Protein chains: 2
Amino acid sequence: MKEIDFITKYMSGERIEGWGKDMENKKWIIGVDLGGTTIKMAFVSDAGDIIDKWEIDTDLTENGANITRDIARSLDEQLHKHGRSKQGIVGIGMGAPGFINFENGSVFEAINIGWKNFPLKSELEKVTNLPVAVDNDANLAALGEMWKGAGEGALDLICITLGTGVGGGVIINGQIAHGIGGMAGEIGHITCVPKGGYRCNCGRRGCLETVASATAIKRIALNRFQDRPESRLYTIYQEKRDLTTKDVFDMAKVEDALALSLVDDVARHLGSVLSNVAILLNPQKIVIGGGVSLAGDVLLKPIDHYIKTFTLPRVYDGLELCKATLGNDAGVIGGAWLINKHLNNDV
Amino acid sequence: MKEIDFITKYMSGERIEGWGKDMENKKWIIGVDLGGTTIKMAFVSDAGDIIDKWEIDTDLTENGANITRDIARSLDEQLHKHGRSKQGIVGIGMGAPGFINFENGSVFEAINIGWKNFPLKSELEKVTNLPVAVDNDANLAALGEMWKGAGEGALDLICITLGTGVGGGVIINGQIAHGIGGMAGEIGHITCVPKGGYRCNCGRRGCLETVASATAIKRIALNRFQDRPESRLYTIYQEKRDLTTKDVFDMAKVEDALALSLVDDVARHLGSVLSNVAILLNPQKIVIGGGVSLAGDVLLKPIDHYIKTFTLPRVYDGLELCKATLGNDAGVIGGAWLINKHLNNDV
């Protein structure tokens, strides 16, 4: 049953096979995924299925001071709607875009939100009266994919998100690798053009992000037009005076030579970085998410080819490359996993 | 107190401050480190200190079939010498050079020993009547350094061993990263010369091992002589018709230009690979061991310089680069840690 059908049936009160009273009596878990524009929230079952999800706007005024209050209010409304009290809730797992202090659940800095040394865990516990666990958004997305998505069942897992930037999460032995300063997983800043690379937002040159993010793919495509007036990409650009990453992949699917060479370059860079990551960690799965991953096989197949070419055969044999399946739900599902794990004292 | 003084005092029956009866009553742990030439063994205290250590020859006849029996006999002799029964022993943690099945403690393959699908854990348990835990030798060395060596206190730790080859061990959240096929930690096979690299033993080209192992340093030095007759390295070579890695570092210490440029190349390659590893895992410590690490600061300082140059500032800030301190004892101490951890059900 698709999740949306499930929710529709559930909300209408219809009886659902294998569900019903049993699930009613079981406690729900709350996942929260804070972004710069919206806050995604969900009730999640102890099996990791979304029971209901919704979102509210992120209030960026007063350096994000109202965010925890807004979350608490919205949760109260939704609980009321479901006729459920807080006794029926396990706790809240929340992801924030920034550097997290994992010892005490505070946020060192979340630039897009305006938080600096913000005691997120304790603030949210205070306004909700529920136990809270906090991690960064990329790590929660990785945990979500491990629990219920493309990484299901894998204990050693790399997630890489190809969007405006390139982010990542590393799971080893079923646990997120945070590193000493919460910086682990910054795959986007692994150097892959050692000489003459493009300047990255981080101030360095030649990071993976400068060749494999949506931003980078568009930039590189626009730079290569002038010599290739025969390309269909050039025609598209002339028509709409713009070009998207999706155009590049769409034209690669119909074998436009320029588009194919652009995609091949992206795949070769990703393949080279991921093959080295795989040699270091021998993961069972590498999960590729983010907007760029929607391109599907036209990108995944050449990445797989290059990983096979560059990595150790035994490492390649154990590895599965797959597309993320949870989309925007990964964060809230990962959040639910996290608070469950914390309350069971497994972390 | 130095370990050797301690052992001398201990063996002579002399009373040792903070030791004595209390330690006599505590159980000892056994660490075993199997190599292609010798088997190193030790009694280790629950605090990770070596109480006594010894070694026996590795019997490579009959595809290593006698090894577990030899270990059991040697242990019995040493227990007898110390007047201690097996009731006073916690168990055995053993490292083997090969691919380990961590589920059941068998060895998929240990080429230098002759084992193939050898049930090491169960065989050694049968002949010793003690609980046994098994891992590969590089991982145990990393655990040893984490427990009592240069990595002490760090939960996120990379060990890299620069010897005939280049090996490694990755510890995340205080646990060894094995990966799905036990291949994690193969830092020596991360590609660092993407184009035109030297052929590696693994069949690929340009692996870190082809530029940073003792073998590689010697090979590269010998190749660069012809153009540099003014180098003191060339004089050394003419005198003894050979050259060691130690010669290269010794001459770098006295600022021979060729030697300095060789060391700079090694450091740049190591710095570039380790900076990317650090970006991925944000470790607290990178511990450099193996024969080449004995060069000390003449190698470590330029590696540190290149890591600082190549990695993210926040990652560099949290990182300490240090020389392994346990030498050949790392494996047996790591073995003791492992069996302790297994028996406490922490793994």
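Attention here is on the structure that accompanies the text. (Residues numbered from 1 in each chain as written. Chains lettered and ligands numbered in written order. Predicted model: local features only at pLDDT ≥ 70, side-chain atom pairs only at ≥ 80, totals over all residues. Heavy atoms only, no water.)

## Some remarks on the overall build of chain A
Reasoning step 1: Helix and strand content of chain A: 13 helices and 13 strands.
Reasoning step 2: The C-alpha atoms of chain A give a radius of gyration of 21 Å, which matches the 20 Å a tight globule of 347 residues would have.
Reasoning step 3: When its C-alpha atoms are laid out on the principal axes, chain A stretches across 65 × 45 × 45 Å.
Reasoning step 4: Residues counted as buried form 56% of the 347 residues belonging to chain A.
Reasoning step 5: Contacts in chain A between residues at least 24 apart in sequence constitute 61% of all its contacts with a sequence separation of at least 6.
Reasoning step 6: Total accessible area computed for chain A in this model is approximately 15,100 Å², and 48% of it derives from carbon and sulfur atoms.
Reasoning step 7: Between the centroid of the 37 positive side chains of chain A and the centroid of its 44 negative side chains there is a distance of 2 Å. (Helix = DSSP H or I, 4+ residues; strand = E, 2+ residues; numbered from the N terminus. Rg over C-alpha atoms; globule rule 2.2 N^0.38 Å. Buried < 20%, exposed > 50% of the residue type's maximum accessible area, 1.4 Å probe, protein only. Contact = heavy atoms within 4.5 Å. Areas by Shrake-Rupley, 256 points an atom, 1.4 Å probe, with all protein chains shown as cover. Lys, Arg positive; Asp, Glu negative; His and termini not counted. Charge placed at Lys NZ, Arg CZ, Asp CG, Glu CD.)

## Thoughts on the relation of the copies chain B and chain A
Reasoning step 1: Laying chain B over chain A is done by rotating through 180° and shifting 0.0 Å along the axis; what remains is an RMSD of 0.0 Å. As the rotation angle and translation indicate, the two copies are arranged about a two-fold axis. Taking C-alpha positions as reference, the residue of chain B nearest the rotation axis is B:Ile172, located at 3.6 Å. (Least-squares fit on C-alpha atoms with pLDDT ≥ 70 in both.)

## Looking at the interface of chain B and chain A
Reasoning step 1: Each partner contributes residues to the interface: chain B has 38 residues there, and chain A has 38 residues.
Reasoning step 2: Both sides together, the interface formed by chain B and chain A hides about 3,100 Å², and carbon and sulfur atoms give 62% of it.
Reasoning step 3: Of all residues in chain B, the largest losses of buried area upon contact with chain A belong to B:Ile180, B:Leu280 and B:Arg314, amounting jointly to 22% of the total for that side.
Reasoning step 4: Applying the counting rule to chain B against chain A returns zero salt bridges.
Reasoning step 5: Between chain B and chain A we count 20 residue pairs in polar contact (both at pLDDT 80 or more) in total.
Reasoning step 6: Residue contributions to the side of chain B that touches chain A peak at five residues, all from helix α10 (residues 257-281) of chain B.
Reasoning step 7: Split by residue class, the side of chain B that touches chain A holds 20 nonpolar, 14 polar and four charged. (Buried area = accessible area lost by both parts, 1.4 Å probe. Salt bridge = Lys/Arg side-chain N within 4 Å of Asp/Glu carboxyl O. Polar contact = N/O pair within 3.5 Å; in protein donor to acceptor, adjacent residues only side chain to side chain. Nonpolar A, V, L, I, M, F, W, Y, C, P; charged D, E, K, R; others polar.)

## Structural notes on the pattern of salt bridges
Residues and elements named next belong to chain A.
Reasoning step 1: Throughout the structure, instances matching the rule amount to 32 salt bridges over all chains.
Reasoning step 2: Here Arg 268 and Asp 265 are joined by a salt bridge, their closest N and O atoms 3.0 Å apart. Taken as a pair, Arg 268 and Asp 265 lie in helix α10 (residues 257-281) at a separation of three residues, close to a single helical turn.
Reasoning step 3: Linked through salt bridges whose partners overlap, the residues forming this network are Arg 224, Asp 265 and Arg 268.

## Comments concerning the state of the cysteines
Reasoning step 1: Under the criterion given, the structure shown has zero disulfides over all chains.
Reasoning step 2: Residue B:Cys202 stays outside any disulfide, its sulfur separated by 3.7 Å from that of B:Cys207, the closest cysteine. (Disulfide = S-S within 2.5 Å.)

## Concerning unusual backbone geometry
Reasoning step 1: In the Ramachandran plot, A:Asn282 falls in the positive-phi region, its phi being about 50° despite a non-glycine side chain.
Reasoning step 2: One non-glycine residue with positive phi stands out, namely B:Asn117, at about 50°.
Reasoning step 3: Considering the arrangement of structural elements, one finds B:Asn117 in strand β7 (residues 115-118).

## Side note on the packing of aromatic side chains
Residues and elements named next belong to chain B.
Reasoning step 1: Taken as a whole and assessed by the stated rule, the structure comprises 12 aromatic pairs over all chains.
Reasoning step 2: A ring pair is formed by Phe 225 and Tyr 237, whose centres lie 5.3 Å apart and whose planes are at 35°; its orientation type is tilted. Remark: Tyr 237 occurs in helix α8 (residues 232-240) and Phe 225 occurs in the loop between α7 (214-224) and α8; sequence separation between them is 12 residues.
Reasoning step 3: Ring geometry for Tyr 306 against Phe 310: centres 5.8 Å apart, planes inclined by 20°, an arrangement best described as stacked. Separated by four residues within a single helix, Tyr 306 and Phe 310 lie in helix α11 (residues 297-310), roughly one turn from each other. (Phe/Tyr/Trp six-rings, centres within 6.5 Å; stacked < 30°, edge-to-face > 60°.)

## Some points on helix α4 (residues 120-128) of chain B
All names here are of chain B.
Reasoning step 1: Along α4, the positions that sit buried rather than exposed are Leu 120, Leu 124 and Thr 128. Seen end-on, α4 carries its buried residues on one side only, within an arc spanning 40°.
Reasoning step 2: In the core, the buried residues of α4 are packed alongside α3 (67-81), β4 (89-96), β6 (106-110), β7 and β8 (132-136).
Reasoning step 3: Looking one or two residues beyond α4, the residue adopting positive phi is Asn 129, at roughly 60°. (Arc of directions from axis to C-beta.)

## Thoughts on the sheet that holds strand β9 (residues 157-162) of chain B
Residues and elements named next belong to chain B.
Reasoning step 1: What the five strands build is an open sheet, ordered β11-β10-β9-β12-β13; its pairing is mixed. A strand with exactly one partner marks an edge of an open sheet, and here the two such strands are β11 (175-176) and β13 (320-323).
Reasoning step 2: Pairing analysis gives four bridges linking strand β12 (residues 285-289) to β13, with the strands arranged parallel. Directly across from Lys 285, in β13, lies its bridge partner Glu 320.
Reasoning step 3: α11 rests against β9, β12 and β13 of the sheet, and its axis sits at about 160° to β13. (Pairing = 2+ DSSP bridges. Axes fitted to C-alpha atoms, helices over the stretch in contact; angles between N-to-C directions.)

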